[in-house]
Amino acid sequence: MMEIGTRVYEGCENFEALQLEMALTCDEQGWCMEDGYDEVTGVRYLIINPPEVISEEDIFEAAKAEKLAQVDSWTARKITGGFDSEVSGEKVRYDSDKDTQITMQGIALNVESERFATEYPTGCPVRGYPWVDVVQEDGTTVNKPAATKEIFMLNAEQVLAWCADLSVHIGNCKQAGWMYQAQVNAATTVEELDAIVLGK
């Protein structure tokens, strides 16, 4: 591919076709796109089109749109990335993906029915990662979700509380996303957009 400003001399392949494609004006940056004449060689030449000029406003708007998309993605990931609840009597990290949300909300609608009592006589089984103390290589202890899931049996009241905790989790994630959106919308430069760091 030819570099910007390359002279395409008469006699080269596709010279006439290229000549028809060239604009016969000079742009604001002084990139001359007219047919030229080389006094040394005595032949005509063409200069290919200059690079597209992108305004500072266009650069900022593109960066802003990209940052807003990052905020949307971050918010969605936080919502479905799990949440903590102590409805079972201990702290547990539960899934919060769409399927889990729909399943548990559906179960919650029937906790007062005979069907719930019939199908879950010992409680509704819900899997999660209990928080446990883990000893690190340096000897320190860190409390974090276990590596494997366990089953927790939740009664009707606990199922409702579980869904309430899920709703609070989703609301908190959305509010955090709105805060980041407000910061992006308030930014006036690309540097200010770059300074907005989304949480983990």
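Residues numbered from 1 in each chain as written. Predicted model: local features only at pLDDT ≥ 70, side-chain atom pairs only at ≥ 80, totals over all residues. Heavy atoms only, no water.

Please clarify how the packing of aromatic side chains should be interpreted in this entry.
The description of two aromatic rings rests on the distance between their centres and on the angle between their planes. Inspection of every chain in the model, using the stated rule, returns six aromatic pairs. Ring geometry for Phe 83 against Tyr 94: centres 6.0 Å apart, planes inclined by 40°, an arrangement best described as tilted. Of this pair, Phe 83 sits in strand E4 (residues 83–85) while Tyr 94 sits in strand E5 (residues 92–94); the two residues are eleven residues apart in sequence, bridging distant segments of the chain. With respect to burial, Phe 83 and Tyr 94 carry one shared label: buried. Centroid distance Phe 83 to Trp 162: 5.0 Å. Interplanar angle 75°. Geometry classified as edge-to-face. In this pair, Phe 83 sits in strand E4 while Trp 162 sits in helix H5 (residues 156–186), placing the two residues 79 residues apart along the sequence. (Phe/Tyr/Trp six-rings, centres within 6.5 Å; stacked < 30°, edge-to-face > 60°. Helix = DSSP H or I, 4+ residues; strand = E, 2+ residues; numbered from the N terminus. Buried < 20%, exposed > 50% of the residue type's maximum accessible area, 1.4 Å probe, protein only.)

Before we go on, may I ask you to explain the side chain of Thr 75 in this structure?
By the element assignment, Thr 75 lies in helix H2 (residues 56–79). Look at Thr 75 and you get buried, because its relative accessible area is 13%. Apart from residues no more than four positions distant in its own chain, Thr 75 is found in contact with Cys 173, Lys 174 and Gly 177. (Contact = heavy atoms within 4.5 Å.)

Looking at this model, I keep getting lost on helix H3 (residues 98–108). Mind explaining?
At 3.6 residues per turn, the α-helix brings residues three or four places apart onto the same side. Within the sequence span of H3, burial applies to Thr 100, Gln 101, Met 104, Ile 107 and Ala 108. Considered in projection along H3, the buried side chains sweep an arc of 140° and stay on one side of the axis. Exposed side chains of H3 directed beyond 90 degrees from the buried face belong to Lys 98, Asp 99 and Ile 102. Along its buried surface, H3 packs onto H2, helix H4 (114–119), strand E6 (124–135) and H5. The N-cap residue of H3 is Asp 97: its side-chain oxygen and the backbone nitrogen of Asp 99 are 3.2 Å apart. (Arc of directions from axis to C-beta. Polar contact = N/O pair within 3.5 Å; in protein donor to acceptor, adjacent residues only side chain to side chain.)

Teacher, can you tell me more about the pairing of E6 here?
Moving residue by residue along a regular strand, the side chains alternate between the two faces of the sheet. Examined bridge by bridge, E5 and E6 share three bridges and lie antiparallel to one another. When the bridges of E6 are listed, Tyr 94 appears paired with Gly 128. As paired elements, E6 and strand E8 (residues 150–154) share five bridges and run antiparallel to each other. Bridging from a neighbouring strand, Val 126 pairs with Phe 152 of E8. Bridge count for E6 against strand E7 (residues 141–145) is five bridges, and the pairing is antiparallel. Bridge pairing links Val 135 to Thr 141 in E7. (Pairing = 2+ DSSP bridges.)

What exactly am I supposed to notice about the layout of surface pockets here?
Where empty space is left can be seen by rolling a probe of water-molecule size over the atoms. Here the largest pocket is characterised by a volume of approximately 160 Å³. Those elements giving two or more residues to the lining of the largest pocket turn out to be H3 and E6. By residue class, the composition of the lining of the largest pocket is six nonpolar, two polar and three charged. (1 Å grid on protein atoms, 1.4 Å probe; cavity = no way out; pocket = protein on both sides within 12 Å on 5 of 7 lines; lining within 4 Å. Points joined across faces, edges and corners; volume = space filled by probe spheres on them. Nonpolar A, V, L, I, M, F, W, Y, C, P; charged D, E, K, R; others polar.)

Would you mind going over the nonpolar core with me for this structure?
Inside soluble globular proteins, nonpolar side chains tend to come together where they are buried. In terms of nonpolar packing, the biggest core is built from 20 residues, with Tyr 94, Met 104, Val 126, Leu 154, Val 159 and Trp 162 touching the most fellow members. Setting aside chain neighbours within four positions, we find Tyr 94 in contact with Gly 82, Phe 83, Ser 85, Val 87, Ser 88, Val 126, Arg 127, Gly 128, Phe 152 and Trp 162. Core analysis: the second largest hydrophobic core is formed by nine residues, Ala 63, Trp 74, Tyr 180 and Ala 187 among them. (Core = buried A, V, L, I, M, F, W, Y, C linked by side-chain atoms within 4.5 Å.)

I'm lost on the environment of Asp 165 in this one. Help?
Along the polypeptide, Asp 165 turns up in helix H5. Along the primary structure Asp 165 and Glu 86 are separated by 79 residues, whereas in three dimensions their C-alpha atoms are 9.0 Å apart. When residues no more than four places from it in sequence are discounted, the contact partners of Asp 165 are Phe 83, Ser 85, Glu 86 and Val 87.

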